[in-house]
Amino acid sequence: MTQAPIFGFNQHREEIVREVVQRVVAGQKDVLHVLNDAAYHETKRLESARRPDEVKEREEWRALARQLGRMGEGERRRRLTELTERYAWDVAGNFNPRVHAVSKRILPSLVTALLEPTMFLKNPSRMLDLDVLKSHVTLEGPIEKLRGLVENGTAVFVPTHLSNFDSIVFGYALEAAGLPPATYGAGKNLFTNPILSFFMHNLGAYRVDRRLRHNLYKDILKTYSCVLLENGYHSLFFPGGTRSRSGGIERRLKLGLVGSAVEAYARTLLAGKERRIYFVPATINYVITLEAETLIADYLSEAGKGRYIIEDDESSRFERLFAFTRKLFDMKGGVIVRFGEPIDPFGNAVDDAGQSHDARGRPVDPASYVKNRSGEVTLDSVRDAQYTRELGEAICRAYARDTVAMSTHVVASVCFDRLRQISPAPDLFTVLRQRDVLTLSRDDLAAAVCVLRDKMKEMEDAGQIRLSEHVRTASGGDIVERAIRAFAGYHTTRAIESRPDGIAVCDPNLLFYYQNRLAAHGLAWDQIAPPGMLPAVPVQLRPPPPTSGPVSRPESAVSTERSAA
Amino acid sequence: VTAQPSKKHIGVLGGGPWGVALAFAAARAGAEVTMHTRRTPPHNDHIGITTDYAEIAKASLIVVAVPSTVVRDVLRSLGDHLDGHHLVVHGIRGLSTDSLETVSDVLRSETPVRRCGALGGPVQATELVHGRPSAMIVGSRFPEVLAAVTDAFQSSSLRVSGTHDIRGLEWASALVGCVAIGVGYAEQAGAGPGLLAALISGAVDECARLLVMAGAEERTMLGLGGYGDLLASIALAHRPEVVIGKALARGLSLDDACAEAKLRVEAISLIPRVIAFAKEHRVKAPTFDILAEILKGARPETLIPRLFA
């Protein structure tokens, strides 16, 4: 395998930053407006700042805003260039091949140390063995094909995003799949997270400061990722923007940075050195999610809707991460990374040789999409935004197809459905208040899980979803048992619990979170469709076969115990 | 500035009245037109005729105006000759009755084309052929498609406006086809201007809700491609949907009514499908429920009380 470009990043970094600065500065037509916009947003952001460095920064912005009107165009351009340089260097990541080599060996041993401290002491040499993670993280998808494609083209990995643990898992997945490391934009807050920053630094991440909302900064980020792609740096984006708060798969994407791919591709054509770009959708599937409790609480709290940056969730608390990894790796197949089929930036399928094919399988030249009616390659941001929007839809369809349903998702869907049936009012928040009031008989639950699973198998055969091996083959009872085991021991509350009289449905919030994974497929109650998008139409399930004895209506098998108010 | 021969070269698929009308309109606006048809359309110096899809593919803007029943096959064959640089728009009213796919959905699944658009609005074939002033609307998410279509068709007698809501335009055109049956029916049954206006307003409101359910914008139904298109049906006694509506009101069976309209009317199979769609998304569609009754032969006197129920 030829070396991925990222191994030469440090030599190129200065060149890349210079190119970014040059392009961003040259691209600004109304410098006064751009600087005003930046000063306005920064002053606003720092309005209530107390820290001395922030206060100083605010005063600088205020001074700039005051002086702007009197400045000559030359002076404004100079200030713009200065600012752009500062931001571009702040964004520019670092990639240290030595650190990369070390950390990729340390990573599994660190995880192992977290998991099995006794074994770590007994046999430290085992720690350097990647097999430890290998037996816990399952890789699926056309990996061989992807390995071939990255030799001659640039890969853009676009996985689903559930957890801060994703970047570690996905970084590992790339490594284990024999795919090159990818550069990615990680939120600046992750660099301050004491645990994760170790993995972020020097692994090719560049820093994205989500607090900065002004257009100049956005432009710099976009240009930066464009220049990286043009130069053949494989990239990783979480196009959902932030971790899925609801637990659902992404149905609408934030494509700001992804959108630079069409431009990057057109620029390689204009420069006479075409380099194809392949998007690789992927799903990262967990039997339990590290931050499930914080995320669903955030989703449900009205005030939390604008909260993009959570600094103090489970991923920053060592003991929580410890408990999580132990739980996760305790369950065989608890994490599944599934790579999807690669597509070009225009949504066409790509074959083993890197050739694009339209929906009917005809070969098509991707360059034709960036040509105008006279056949010339052009840069056109409005056109590219439309391609990107359609690409986003294609990626979301791939997410649905490649979602791997696990026991917790299936069981949560059934339990939450039963909560809905006994809820005194049909709205979500009433259903969520049905805490510890419902106990399901084991047979009833197992039968309902089977019905749902069988429907999902049909959908899997039709290419609409994937099932984990266990969900595909186990009995309904075993699926329920596995979900109970997964729910127990990590989350601070139990989602469901085994009791002598049956399975108690305890924490509706957690069940809601886990059932949401199947909402977009119509396999669970869809209350999480993004604004302006219709909820998924529920799939029709056949009623479960009668268990034994006289045929009874399913409701009669449900025993409800309402606690006194 | 060098001349750009491809710029004003337009391919038209379909030699029916609508295809001919669009070809004439483009020729009038100064384009060089190649038509794909096996018929012999009226002569025009600026319109060439071919039966070879490869000839059509030489044009960078292609207009598809074939009957909706054959559109998939035609696009599949044409698709062999296209690539990503082609701009393709269609002027076909209708949605597939099985999955409610729009024609632009079919276009994307049968060809490599991405930059696509749809034509709609009240303009009539005869107006285009004779150069009588009228208005047309084009929908596309790609501004260059809007610009190319405007460039190709806008003339002193044809005003072309644009919308980015292509999906809304396609749905609006299809739904207007259904409602036009009701307009013909009501007129024949003797509805006065007040009642007719009330029926049309109610129908438009209902269609707008359906558009939202289909992932399109409400206001597209309220514009030229929806309301505008529907208003034209009042005066268009020969519009096939209107003919069917009138025939049904006279007590003819659906088959006889269709025979009278001569053309195959998509709307008839679409009406029950729209009702199912509305039910699936839990929206009320009383107008479409009544249209279904009309197709089954309901008499006006039984429908009026339901309208005001």
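About the criteria used
Residues numbered from 1 in each chain as written. Chains lettered and ligands numbered in written order. Predicted model: local features only at pLDDT ≥ 70, side-chain atom pairs only at ≥ 80, totals over all residues. Heavy atoms only, no water. Helix = DSSP H or I, 4+ residues; strand = E, 2+ residues; numbered from the N terminus. Rg over C-alpha atoms; globule rule 2.2 N^0.38 Å. Buried < 20%, exposed > 50% of the residue type's maximum accessible area, 1.4 Å probe, protein only. Contact = heavy atoms within 4.5 Å. Areas by Shrake-Rupley, 256 points an atom, 1.4 Å probe, with all protein chains shown as cover. Lys, Arg positive; Asp, Glu negative; His and termini not counted. Charge placed at Lys NZ, Arg CZ, Asp CG, Glu CD. Patch = residues over 30% accessible without salt bridge, like charges linked within 9 Å, V, L, I, M, F, W, Y side chains within 5 Å. Salt bridge = Lys/Arg side-chain N within 4 Å of Asp/Glu carboxyl O. Arc of directions from axis to C-beta. Polar contact = N/O pair within 3.5 Å; in protein donor to acceptor, adjacent residues only side chain to side chain. Nonpolar A, V, L, I, M, F, W, Y, C, P; charged D, E, K, R; others polar. Disulfide = S-S within 2.5 Å. Expected span 1.5 Å × (residues − 1). Pairing = 2+ DSSP bridges. Axes fitted to C-alpha atoms, helices over the stretch in contact; angles between N-to-C directions. Phe/Tyr/Trp six-rings, centres within 6.5 Å; stacked < 30°, edge-to-face > 60°. Core = buried A, V, L, I, M, F, W, Y, C linked by side-chain atoms within 4.5 Å. pLDDT = per-residue confidence, 0-100.

A few words now on the overall build of chain B. Secondary structure summary: chain B contains 15 helices and 8 strands in total. Relative to the globule expectation of 19 Å for 309 residues, the C-alpha radius of gyration of chain B, 19 Å, shows essentially globular dimensions. Considering only C-alpha atoms, chain B reaches an extent of 65 × 40 × 30 Å along its principal axes. Looking at chain B residue by residue over its 309 residues, the buried ones come to 56%. Restricting the contact set of chain B to residue pairs at least 6 apart, pairs at least 24 apart contribute 65%. When the accessible surface of chain B is totalled, it reaches about 12700 Å², and 56% of it is carbon and sulfur. Chain B carries 30 positive and 31 negative side-chain charges, and their two centres are separated by 2 Å.

On to the overall build of chain A. A tally of regular secondary structure across chain A gives 22 helices and 16 strands. When the 565 residues of chain A are sorted by exposure, 55% land in the buried category. When contacts within chain A are restricted to residue pairs at least 6 apart in sequence, long-range pairs at least 24 apart make up 75% of them.

With that out of the way, let us pick up a positive patch on the surface. Residues and elements named next belong to chain A. On the surface, Arg210, Arg213, Lys218 and Lys254 cluster together into a positively charged patch. Note that Lys254 resides in the loop between β5 (235-236) and α13 (260-270). Given a relative accessible area of 46%, Lys254 falls into the partly exposed group.

Scanning the entire structure with this criterion turns up 57 salt bridges over all chains. Among the ionic pairs, Glu393 of chain A bridges to Arg141 of chain B, the shortest N-O distance being 3.9 Å. Here Glu393 of chain A, found in helix α16 (residues 381-402), pairs with Arg141 of chain B, found in the loop between β7 (134-139) and α6 (143-153), and the two come from separate chains. The partly exposed category is assigned to Glu393 of chain A, whose relative accessible area is 34%.

Residue and element names in this part refer to chain B. Among the residues making up helix α3 (residues 71-79), those that are buried are Val71, Val74, Leu75, Leu78 and Gly79. With its buried residues spanning 130° around the axis, α3 presents them on a single face. Of the surrounding elements, those touching the buried residues of α3 are β1 (9-13), α2 (53-56), β4 (61-64) and α4 (103-110).

This next bit is on the interface of chain A and chain B. Contacts between the two partners involve 25 residues from chain A, matched on the other side by 29 residues from chain B. At the boundary of chain A with chain B, the tally comes to 5 salt bridges. Taken together, the connections running from chain A to chain B amount to 14 residue pairs in polar contact (both at pLDDT 80 or more). The element contributing the most residues to the side of chain A that touches chain B is α16 of chain A, with 7 residues. Classifying every residue of the side of chain A that touches chain B by side-chain character gives 9 nonpolar, 6 polar and 10 charged.

Within the structure shown, the criterion is met by 0 disulfides over all chains. For the unlinked cysteine Cys415 of chain A, the closest cysteine sulfur is that of Cys506 of chain A, found at 9.5 Å.

Residue and element names in this part refer to chain B. When the terminal C-alpha atoms of helix α13 (residues 267-280) are compared, their 19 Å separation across 14 residues agrees well with the 20 Å that a helix rising 1.5 Å per residue should span. Those residues of α13 lying buried are Ala267, Ile268, Leu270, Ile271, Arg273, Val274, Phe277 and Ala278. Tucked into the core, α13 has its buried residues touching α7 (166-188), α8 (193-213), α11 (240-249), α12 (254-261) and α14 (286-295).

All right, on to the sheet that holds strand β2 (residues 32-36) of chain B then. Residue and element names in this part refer to chain B. In spatial order, the strands read β3-β2-β1-β4-β5-β6-β7-β8; together these 8 strands make up an open sheet with mixed pairing. Because the sheet does not close on itself, it has two edges, and the strands there are β3 (47-50) and β8 (158-163). Across the sheet, the axes of successive neighbouring strands diverge by a mean angle of 25°, strand direction being ignored. Note that strand β5 (residues 87-90) and strand β6 (residues 116-120) share 3 bridges and pair parallel. Directly across from Val89, in β6, lies its bridge partner Gly117. Against the sheet, α7 engages β5, β6, β7 and β8, with an angle of about 35° to β6.

Right, let's talk about the packing of aromatic side chains for a bit. A full pass over the atoms with the stated rule returns 15 aromatic pairs over all chains. A ring pair is formed by Tyr87 of chain A and Tyr217 of chain A, whose centres lie 5.3 Å apart and whose planes are at 70°; its orientation type is edge-to-face. Taken together, the positions of Tyr87 of chain A in helix α4 (residues 73-91) and Tyr217 of chain A in helix α12 (residues 215-230) put the pair 130 residues apart, joining distant regions of the chain. Accessibility assignment for this pair places Tyr87 of chain A and Tyr217 of chain A in one class, buried. Among the aromatic residues, those joined into a ring-pair cluster are Tyr265, Phe346, Tyr369 and Tyr387 of chain A together with Phe142 of chain B.

Phe279 of chain A together with Val33, Val149 and Phe153 of chain B are the most contacted members of the largest nonpolar core, which totals 96 residues. Looking at this core, the element that brings in the most residues is α12 of chain A, giving 9 residues. Each residue touching Val33 of chain B, except ones within four places of it in the same chain, is listed here: Ile10, Val12, Ala23, Ala26, Ala27, His46, Ile47 and Gly48 of chain B.

Further remarks concern the side chain of His521 of chain A. Residue and element names in this part refer to chain A. Note that His521 resides in the loop between α22 (508-515) and β16 (558-560). With relative accessibility at 9%, the residue His521 sits in the buried group. Within the local environment of His521, its side chain forms a polar contact with the backbone oxygen of Ala400, the two atoms lying 2.8 Å apart. Among residues more than four places away in sequence, those in contact with His521 are Ile249, Ala400, Thr403, Met459, Gln464, Ile465 and Val539.

Let us look at the sheet that holds strand β9 (residues 356-357) of chain A. Residue and element names in this part refer to chain A. Read across the sheet, 3 strands follow the order β8-β9-β10 without closing on themselves; strand pairing throughout is antiparallel. Whereas interior strands pair on both sides, the edge strands pair on one side only; in this sheet they are β8 (349-350) and β10 (363-364). Inspection of the sheet shows β9 paired to β10 by 2 bridges, in the antiparallel sense. Across the sheet, residue Ser356 finds its bridge partner in β10, namely Val364.

Time to look at the confidence of the model for chain A. Residues and elements named next belong to chain A. On average, residues of chain A score 84 in pLDDT, and 81% of them are at 70 or above. Confidence, expressed as mean pLDDT per element, reaches its minimum in chain A at β16 with 41 and its maximum at β9 with 98. Under a pLDDT of 50 for its full length, residues 112-130 has, in the predicted model, 25 contacts with residues more than four places off or in other chains. Scored below 50 in pLDDT, residues 549-565 shows 23 contacts in the model against residues more than four places distant or in partner chains.

Residues and elements named next belong to chain A. Within the secondary structure layout, Ile395 lies in helix α16. Ile395 sits in the buried class, given a relative accessible area of 0%. With 33 residues separating them along the chain, Ile395 and Arg362 place their C-alpha atoms 21 Å apart. The contact partners of Ile395, leaving out residues within four places of it in the chain, are Val158, Leu253, Phe279, Pro281 and Ile343.

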